[in-house]
Amino acid sequence: MTRPAPSNHNRFFADQGELATLIRQHNWAQTPLGSIEEWPQSLCTAVDLILAAQVPMAIAWGEEGRLLYNDAYRAILGSTKHPEALGQPITRVFPEAGQTLEPLLQRIKTTGTGSAGSRQPALLERNGHLAQRYLDFSCSSIRDEAGAIGGILLLCQETTALGEAEARFYQLFEHAPAMIAILHGPDLHFEYVNTAFQQFVHGRAQNGQPIADVFPTLGLPFIQLLRQVFNTGEPFIGNEVAVHWQREGAAREGFFDFVCQPMKNRQGVIDGVALHGVNITDQVLARRAVEAAEHRLATIVDQMPLGVIIAEAPSGKITQANEQVETILRQPPLTTSTIGLGDIWLGFHEDGRPVLAEEWPLARALQGETVYRAEYRYQRGDGTMIWLRISSNPIRDTTGTIVAGLVVFSDITQQREATAALRASEARLNLALQSSGLGSWMYNFITDQLTTSDQCKTILGLTPDQEFSYHAFVGQIHPDDQAAVSQDIMHAVESNTDFSADYRAILPDQTQRWITVQGRPTYRLDGAPVAIIGTMQDITARKAAEEERERLLAAEQTARAAAEEAVRSRDAFLSIAAHELRTPVTALKGTTQLLARWSARGSMDPVRVARNVGILEHSADRLAELTEDLLDVSRIRTGQLPLDREPLALLPLITADLERRREREDQQHTFALHHDQQLPIISADSGRIDQVLTNLLDNAVKYTPQGGEITIEVRSQDRGIAVSIQDHGIGLPPEAIEQIFVPFGRAKNAIASNLPGMGLGLYICRMIIERHNGWIRAESPGENQGTTMTFWLPSIANTAGAAND
């Protein structure tokens, strides 16, 4: 590098001032700039220039932008950055402004094009505090001896006071609902945009950018309009201006109210344009929608088959009427204050009274009243009389103020005549139905209305003037029949068939009646159901007769069944009795004949005679038992079974019976007795209880194979005594548990085993036990698993007060 001339250095060093001294004393050899003696002439000249200036100036030299500045620039640095900033990279001196400063310096180094700005906001550290400052600045490149950009000359002037005032002014713009932008210079670049503008353009408007570059799709006419304002100084005011642009690949259209105002500097020269815009797209579209709706409404009104009149409020002047008005009324609508004024408008109430002016529905609508389906007789323009059905309603604006009245009417003359004819027909029908006791009804599915004749209400215990609905009708049906009502009606509707059903009705006085209801559904042309019509009749008397007939029939069937059962019982008795009696009779007859033969031959062996006499005794005893059983059955059925009650200890009775059985030589079973130590005393007929024990033990022996064990348990239970006799014999099938206690009832497995018995013993046992206020039951796990017979008798204390039989 060529060394600068000594004269330059002498002059440089001779300069007076604090920064000249600090630059001269700074150790530049330790920086990329090198010692002062090695600096290029271009740098020396630039330093000399800034030191001599009275305004804040600085140089950022070299690749790192090493900072050199003059005395006036110290105010920019403040007390905390001076003098340490001398010779430091400028981005290190102002790290808080790095995001703005670095791109700016880099652009100047790259393009050589300078930049300037007025009252630009900058966040700078000064005196240890970070604060918002405003600067007027100018940046330009400094070329070295080779023509390359060696550094950047910085000219700064703090304008914080003016900037803050301007910021407060712009702050007002930030909160404005309108879009505001300040365009500066001939290229109309953005100098300021408020929040509303940025939101509309999605943040694309950046300061310093020409509007034509930011919005190339905005359209040449609008750009030319802005330039015309800039060039001529004439403002532009536009209302509902249509603007077209592209966004996200789609064409957009909006409507705006614009004000474009030229802006002048202090010298009075136009240097920018202020743009104020309000997006009124929604309002325009809404107004157009209203206009379209009004047009559609007018079209609908004209095409309606009803007469339609609209009158403004409060004057009552008719503003709109369709063609049907004149067709129905046979005269044009009047333009008077209300439809009721003038002699031409002649209307009459049902009772013949004239309709007064203020009574007409349109006049009432203008006063805020809604009228629905009012009916009047009306004299038309040609003198003929018709019936009108009129509805009216007030029309209000968004504040609730009545601005108009609407009336709609139709000619219902034919309908009224048809209704009158129908009523006459219904009256004749009702008269016929009343004479037959029938009531008529109709349920409309669409309106959910039930219409009934007076006779229907009378049947249900109501007066003719009482209001009645379908739900009230269902509520009067007996709860057990309510579901059937809906099901019957739905089935009739779905299948398109008639229905007829009987239900129980609960009258208001809580009495019950039987009613028969018949119905037939009706349908529209599309098959959709409309209603169901039918009749109702009180059939309580008929039902009572039917029930009496059913009762008599049931009684007859019961009597017949009882007779048949008696015949079956008789036949069973005769069959079983014949079988049971045949055995001992045969034994008696055969043994007697045998003894007679022995006596005739004189060969009466004492041993054989004794054995046969025993057979005679056993057969005779069996005949006596059978006879006694039959007599007991007869006594039981006639209520003459005698009981001789007395205090009785049951255990000794059982023990004595078992001892007798053990003493018999032919006894081939074992008996096990288990009992409580303390057993209550009972009040009983000892003979009858012994009869029960004997019968139960005999059954246990009869149904238990030889050598089997029979267990007897005697326990205190439930303030009485329970006796259980368990065998290990053929057992009982489940269906025979109760069958064995009925007369002549025997289990099938007992019959199949050819075991003797008439089927009376257990029946007699049950009757005896129940006459003693006790109970008896049988239990068995199943066939061939044994049976347990248990009876229970109350203690003597538990039967106190019971009468002896």
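Residues numbered from 1 in each chain as written. Predicted model: local features only at pLDDT ≥ 70, side-chain atom pairs only at ≥ 80, totals over all residues. Heavy atoms only, no water.

### Observations regarding the overall build of the protein chain
Rules: Secondary structure elements are taken from DSSP: a helix is a run of H or I of four residues or more, a strand is a run of E of two residues or more, and numbering for both begins at the N terminus. Type-normalised accessible area, obtained with a 1.4 Å probe on protein chains alone, sets the label of each residue: buried when under 20%, exposed when over 50%, and partly exposed for intermediate values. All accessibility values rest on the Shrake-Rupley procedure with a 1.4 Å probe; residue burial counts only the protein chains present in the view.
Assigned secondary structure in the protein chain consists of 23 helices and 28 strands. Buried residues in the protein chain amount to 40% of all 805 residues. Counting every atom, the protein chain has about 44600 Å² of accessible surface; 53% of that belongs to carbon and sulfur.

### Focus: the sheet that holds strand S23 (residues 670–675)
In plain terms, the rule: Criterion used throughout: strands pair if DSSP finds at least two bridges between them. Between N-to-C directions, angles cover 0 to 180 degrees, with each direction set by a line fitted to C-alpha atoms, over the stretch in contact for helices. The contact rule is simple, with two residues in contact once any of their heavy atoms fall within 4.5 Å.
With mixed pairing, the five strands of this open sheet are ordered in space as S23-S25-S26-S28-S27. Two strands lie at the open edges of the sheet, namely S23 and strand S27 (775–779), each paired on one side alone. The sheet shows a mean angle of 15° between the axes of neighbouring strands, taken without regard to direction. Of the strands in this sheet, S23, strand S25 (709–716), strand S26 (720–726) and strand S28 (788–794) are in contact with helix H20 (residues 650–663), which crosses S23 at around 165°.

### Digging into the sheet that holds strand S13 (residues 346–348)
Spatial ordering of the open sheet is given by S12-S11-S16-S15-S14-S13, a layout of six strands whose pairing is antiparallel. Two strands close off the open sheet at either side, each with one partner strand: strand S12 (318–321) and S13. With direction set aside, neighbouring strand axes in the sheet form an average angle of 35°. Pairing geometry for strand S11 (residues 307–312) and strand S16 (residues 402–411), over six bridges, is antiparallel. Paired with isoleucine 310 across the strands is leucine 406, a residue of S16.

### Remarks on the packing of helix H21 (residues 686–703) against helix H23 (residues 761–771)
When two helices pack together, their arrangement is given by the angle between their axes and by how far apart the axes lie. Applicable threshold: Note: crossing handedness is left-handed where the near helix turns anticlockwise from the far helix by less than a right angle, and right-handed where it turns clockwise.
At their nearest, the axes of H21 and H23 sit 10 Å apart, and the two run at 145° to each other. Read as a crossing pair, H21 and H23 show a hand that is left-handed. Facing H21, whose interface residues are Arg688, Ile689, Gln691, Val692, Asn695, Leu696 and Asn699, H23 presents Gly761, Leu762, Ile764, Cys765, Ile768 and Ile769.

### Thoughts on unusual backbone geometry
Along the chain, histidine 82 connects to proline 83 via a cis peptide bond; the corresponding omega equals 10°. Locating proline 83 in the fold gives a position in the loop between helix H4 (74–77) and helix H5 (90–93). Between alanine 313 and proline 314 the backbone carries a cis peptide bond, its omega angle lying at 5°. Considering the arrangement of structural elements, one finds proline 314 in the loop between S11 and S12. Of note in this structure, arginine 330 is not a glycine but carries a positive phi near 55°.

### Quick notes on the environment of phenylalanine 791
If you trace the backbone, phenylalanine 791 turns up in strand S28. Judged by its relative accessible area of 0%, phenylalanine 791 falls in the buried class. With 98 residues separating them in the primary sequence, phenylalanine 791 and leucine 693 have C-alpha atoms 9.8 Å apart. Setting aside its immediate chain neighbours within four residues, phenylalanine 791 contacts Leu650, Val692, Leu693, Leu696, Ile721, Ala722, Val723, Ile769, Trp775 and Ile776.

### Things to note about a positive patch on the surface
For clarity, the cut-off: Patch construction takes residues with relative accessible area above 30% that form no salt bridge. Like charges are linked within 9 Å, and nonpolar side chains (Val, Leu, Ile, Met, Phe, Trp, Tyr) are linked within 5 Å. By salt bridge we mean one thing: a side-chain nitrogen of Lys or Arg within 4 Å of a carboxyl oxygen of Asp or Glu. Positive charges come from Lys and Arg, negative ones from Asp and Glu, while His and the chain ends are left out of the count. Lys charges are placed at NZ, Arg charges at CZ, Asp charges at CG and Glu charges at CD.
A cluster of basic residues, Arg597, Arg601, Arg608 and Arg611, forms a positive patch at the surface. Elements that contribute at least two residues to the positive patch include exactly helix H18 (540–601) and helix H19 (606–638). Looking at the element boundaries, arginine 601 is found in helix H18. Exposure remark for arginine 601: the relative accessible area of 56% places this residue in the exposed category.

### Details of the nonpolar core
Proteins that are soluble and globular tend to have nonpolar side chains buried together. Under the convention used in this document: Residues grouped as a nonpolar core are buried Ala, Val, Leu, Ile, Met, Phe, Trp, Tyr and Cys residues, joined through side-chain atoms within 4.5 Å.
Trp39, Ile59, Tyr69 and Phe94 are the most contacted members of the largest nonpolar core, which totals 43 residues. If you tally residues by element for this core, the top one is helix H3 (residues 41–52), at six residues. Look past the residues within four positions of tyrosine 69 in its chain and what remains in contact with it is Leu19, Ile23, Ile50, Leu51, Met57, Ala58, Arg74, Leu77, His82, Pro83, Ala85 and Leu86. Of all hydrophobic cores here, the second largest spans 42 residues; its members include Ile636, Ile710, Ile768 and Met789.

### Let's talk about the pattern of salt bridges
Counted by the stated rule, this structure contains 28 salt bridges. A salt bridge links arginine 416 to glutamate 350; its shortest N-O distance comes to 2.9 Å. With arginine 416 in helix H14 (residues 413–436) and glutamate 350 in the loop between S13 and helix H13 (361–366), this residue pair connects regions lying 66 residues apart in the sequence. For glutamate 350, a relative accessible area of 54% gives the class exposed. The closest approach of N and O atoms between aspartate 526 and arginine 524, which form a salt bridge, is 2.9 Å.

### Things to note about the packing of aromatic side chains
In this description, a pair of aromatic rings is defined by centroid distance and the angle of the planes. Note the following rule: Aromatic rings from Phe, Tyr and Trp, with only the six-membered ring used for Trp, were paired whenever their centres fell within 6.5 Å, and each pair was classed as stacked if the ring planes differed by under 30 degrees, edge-to-face if by over 60, and tilted otherwise.
With the rule as written, the count across this model stands at eight aromatic pairs. Relative to tryptophan 39, the ring of tryptophan 28 has its centre 5.1 Å away and its plane inclined at 70°; by these criteria the two rings are edge-to-face. Of this pair, tryptophan 28 sits in the loop between helix H2 (18–25) and H3 while tryptophan 39 sits in the loop between H2 and H3, placing them 11 residues apart in sequence. On the basis of relative accessibility, which here comes to 1%, the residue tryptophan 28 falls in the buried class.

### Quick look at helix H6 (residues 98–111)
Spelled out, the test is: For a helix, the expected span equals 1.5 Å multiplied by the number of residues minus one. Comment: arc refers to directions from the helix axis out to C-beta atoms.
Taking 1.5 Å of rise per residue, the 14 residues of H6 would be expected to cover 20 Å, and the 20 Å separating its terminal C-alpha atoms lies within 8% of that figure. Of the residues making up H6, those classed as buried are Gly98, Leu101, Leu104, Leu105 and Ile108. Taken end-on, H6 shows its buried residues confined to a sector of 145°, consistent with a single buried face. Counted as exposed and oriented over 90 degrees from the buried face of H6: Gln99 and Thr110. At the C-terminal side of H6, glycine 112 shows a positive phi close to 80°.

### Observations concerning the pairing of strand S18 (residues 449–452)
Where burial is concerned, the two faces of S18 differ: the one with Leu450 and Thr452 is buried and the one with Gln449 and Thr451 is not. Examined bridge by bridge, strand S17 (residues 438–444) and S18 share four bridges and lie antiparallel to one another. The partner of tryptophan 441 across the bridge, within S18, is threonine 452. Hairpin connection, S17 to S18: the antiparallel pair is bridged by four residues, and aspartate 448 has positive phi, about 60°.

### Some details on the side chain of asparagine 194
Basically, it comes down to this: Identification of polar contacts relies on pairs of N or O atoms within 3.5 Å, with a donor-acceptor requirement for protein atoms, meaning one able to donate a hydrogen and the other able to accept it, and with residues adjacent in sequence counted only if both atoms are side-chain atoms.
By the element assignment, asparagine 194 lies in the loop between strand S7 (189–193) and helix H8 (195–200). Taking relative accessible area as the criterion, asparagine 194 reaches 0% and is therefore assigned buried. Within the structure, the side chain of asparagine 194 is placed 2.9 Å from the backbone oxygen of alanine 178, a separation counted as a polar contact.

### Let's talk about the packing of H20 against H21
Note the following rule: For classification, angles of less than 35 degrees are called roughly parallel, those exceeding 145 degrees roughly antiparallel, those between 65 and 115 degrees roughly perpendicular, and all remaining angles oblique. The residue classification treats Ala, Val, Leu, Ile, Met, Phe, Trp, Tyr, Cys and Pro as nonpolar and Asp, Glu, Lys and Arg as charged. All others, Gly included, are polar.
With their axes 11 Å apart at the nearest point, H20 and H21 run at an angle of 45° to one another. By the angle between their directions, the pair H20 and H21 is classed as oblique. Judged by the sense of rotation from one axis to the other, the crossing of H20 with H21 is right-handed. Counted together, Leu650, Leu653, Ile654, Asp657, Leu658, Arg660 and Arg661 of H20 and Ser686, Ile689, Asp690, Leu693, Thr694, Leu697, Asp698 and Val701 of H21 form the full contact between these two elements. Across the contact of H20 with H21, the residue classes tally to eight nonpolar, two polar and five charged.

### Topic: the confidence of the model for the protein chain
This is how the line gets drawn: pLDDT runs from 0 to 100 and stands for how confident the predictor is about each residue.
Mean pLDDT over the protein chain stands at 80; residues scoring 70 or higher make up 80%. Low confidence marks residues 337–342, where pLDDT is under 50. Its contacts with residues over four positions away, or in another chain, come to 16 contacts. Scored below 50 in pLDDT, residues 801–805 makes seven contacts in the model with residues more than four places away or belonging to other chains.

### Some thoughts on helix H17 (residues 479–495)
Given 3.6 residues per helical turn, the α-helix brings residues three or four places apart onto the same face. Given a rise of 1.5 Å per residue, 17 residues ought to cover 24 Å, and the 26 Å separating the end C-alpha atoms of H17 matches this to within 8%. For H17, the complete set of buried residues consists of Asp481, Val485, Ile489, Ala492 and Val493. Here the buried residues of H17 occupy an arc of 115° about the axis, which is enough to place them on one side. Exposed positions of H17 whose direction lies more than 90 degrees from the buried face are Asp480, Gln487, His491 and Glu494. At its buried positions, H17 is contacted by helix H16 (470–476), strand S19 (499–506), strand S20 (512–523) and strand S21 (529–538). Within two residues after H17, asparagine 496 carries a phi angle of roughly 55°, on the positive side.

### Quick word on the environment of glutamate 253
The residue glutamate 253 is located in strand S9 (residues 250–264) in this model. The sequence separation of glutamate 253 and threonine 281 amounts to 28 residues, and the corresponding C-alpha distance is 8.5 Å.

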